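Topology and contacts: notes
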Amino acid sequence: MSRFDLEGVVFDVDGVLFDTERLSQETWNAVSTELNWPQVGRAYLEFVGQNRADILQKMLDLFGPDFPRETFLLTCSARSQARMEQEGVPLKPGVREILEFLTARGIPAALATSTNRERTHRRMEMTGLGPCFSAVVTGDQVEHSKPDPEIYQLACQALGTAPSRTLAIEDSRNGILSAHAAGMPVVMIPDLIPPAPELERLLFRRCTSLLEVRELLDHLEDKATDLMRIFPGLTREEAEQRALEEMGAAEELGEELARVHSPLVGELWQLTRFLIR
């Protein structure tokens, strides 16, 4: 099998690699209630994907100068980390599988996370995933956090890859906007925030898990190789583009069958594709 012609992959962390967004949301709700500012916990999703500096500014804008922003963030951070130290860092399904897939093909991976460097490296240490990543860009290394493209631009620079040939894997609106603005194809794996229609047009693909992303890349690699065998004049890039178009057309047909007939018919079509490919 020939190497899949992808230059690199950049992962968001919370909500993509680690199932930590729910933990953080629970902590925000608890601490904000204790401080008699329950509205802060309810607004948690508005802050997902942003670094500390931008969170502090948004809190000032939304809740005014009376809200103890620094105390709140320090308390939440300490509690979340203490819980992970006790219970471990919860991994999302498929984390180790997709990293093994990329490593086996010599495709470098990086992190682009709004979490600070100290906490990020501690989590990498706790999970043993650190050696899987050639570059790590954290929220305290950028002036502007997601949705600004800076963090993804830095990640591609650190990998030495072209953004257009580097896949971003994200779960949040801010992250998708950031990676798209950096010129990268984006795969969304929804976590706490459901996919919004206005974001769909920005996506390379929407998947349900990292296991599905691995399957997508594996299938694309196989299909491109088959097309090059059938049509010897095709370059790898042309074969990949054609494979993507064929896969996209098949997916659209499944959606149309589900819309016109029933969800079951659409699911049967997708199952047939899976069995015969």
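Our subject is the structure listed above.
What you are looking at is a predicted structure, and each value in this text was computed from that prediction instead of being measured.

About the criteria used
- Residues numbered from 1 in each chain as written.
- Predicted model: local features only at pLDDT ≥ 70, side-chain atom pairs only at ≥ 80, totals over all residues.
- Heavy atoms only, no water.
- Salt bridge = Lys/Arg side-chain N within 4 Å of Asp/Glu carboxyl O.
- Helix = DSSP H or I, 4+ residues; strand = E, 2+ residues; numbered from the N terminus.
- Buried < 20%, exposed > 50% of the residue type's maximum accessible area, 1.4 Å probe, protein only.
- Axes fitted to C-alpha atoms, helices over the stretch in contact; angles between N-to-C directions.
- Parallel < 35°, antiparallel > 145°, perpendicular 65-115°, else oblique.
- Contact = heavy atoms within 4.5 Å.
- Pairing = 2+ DSSP bridges.
- Phe/Tyr/Trp six-rings, centres within 6.5 Å; stacked < 30°, edge-to-face > 60°.

Before going further, it helps to spend a moment on the pattern of salt bridges. Where charged atoms from two side chains of opposite charge approach closely, those side chains can pair. One pass over the full model with this rule turns up 16 salt bridges. Of the charged contacts, one joins Lys92 and Asp19 as a salt bridge, the two residues approaching to 3.6 Å between their closest N and O atoms. In this pair, Lys92 is assigned in the loop between helix H4 (69-87) and helix H5 (95-104) and Asp19 in the loop between strand E1 (8-11) and helix H1 (21-34), connecting sequence segments 73 residues apart. Residue Lys92 is classed as buried on the basis of its relative accessible area of 16%. Linking Arg52 and Glu70 is a salt bridge whose minimum nitrogen-to-oxygen distance equals 2.5 Å. Of this pair, Arg52 sits in helix H3 (residues 52-63) while Glu70 sits in helix H4, and the two are 18 residues apart along the sequence. For Arg52, a relative accessible area of 37% corresponds to the partly exposed category. On the basis of relative accessible area, Glu70 is assigned to the partly exposed category, the value being 41%.

Look at H4 against helix H6 (residues 117-127): their axes get within 12 Å of each other, and the N-to-C directions meet at 10°. Between H4 and H6, the interaxial angle falls into the category roughly parallel. Two secondary-structure elements touch here, H4 through Ser77, Ser80, Gln81, Met84 and Glu85 and H6 through Arg119, Arg122, Arg123 and Met126.

With parallel pairing, the six strands of this open sheet are ordered in space as E3-E2-E1-E4-E5-E6. Strands at the two margins of the open sheet, each flanked by one partner only, are strand E3 (135-138) and strand E6 (205-206). In the sheet, E1 pairs with strand E2 (residues 109-113) via three bridges, with the strands oriented parallel. Paired with Val9 across the bridge in E2 is Ala109. Contacts between helix H7 (residues 150-159) and the sheet are confined to E1, E2, E3 and strand E4 (166-170), with E3 contributing the most and set at about 160° to the helix.

So, about the packing of aromatic side chains. Under the definition given, this model contains eight aromatic pairs. Ring centres of Trp28 and Tyr44 lie 5.1 Å apart, and the angle between their planes is 80°; this geometry places the pair in the edge-to-face category. Of this pair, Trp28 sits in helix H1 while Tyr44 sits in the loop between helix H2 (38-42) and H3, and the two are 16 residues apart along the sequence. Each member of the pair, Trp28 as well as Tyr44, is classed as buried. Aromatic side chains Phe67 and Phe72 sit 5.4 Å apart centroid to centroid with 55° between the ring planes, which places their arrangement in the tilted category. By relative accessible area, Phe67 is classed as buried at 2%. One aromatic cluster is present, built from ring pairs that chain together Trp28, Trp37, Tyr44, Phe47, Phe63, Phe67 and Phe72.

Spatial relationships are all this shows, so hold off on functional conclusions.
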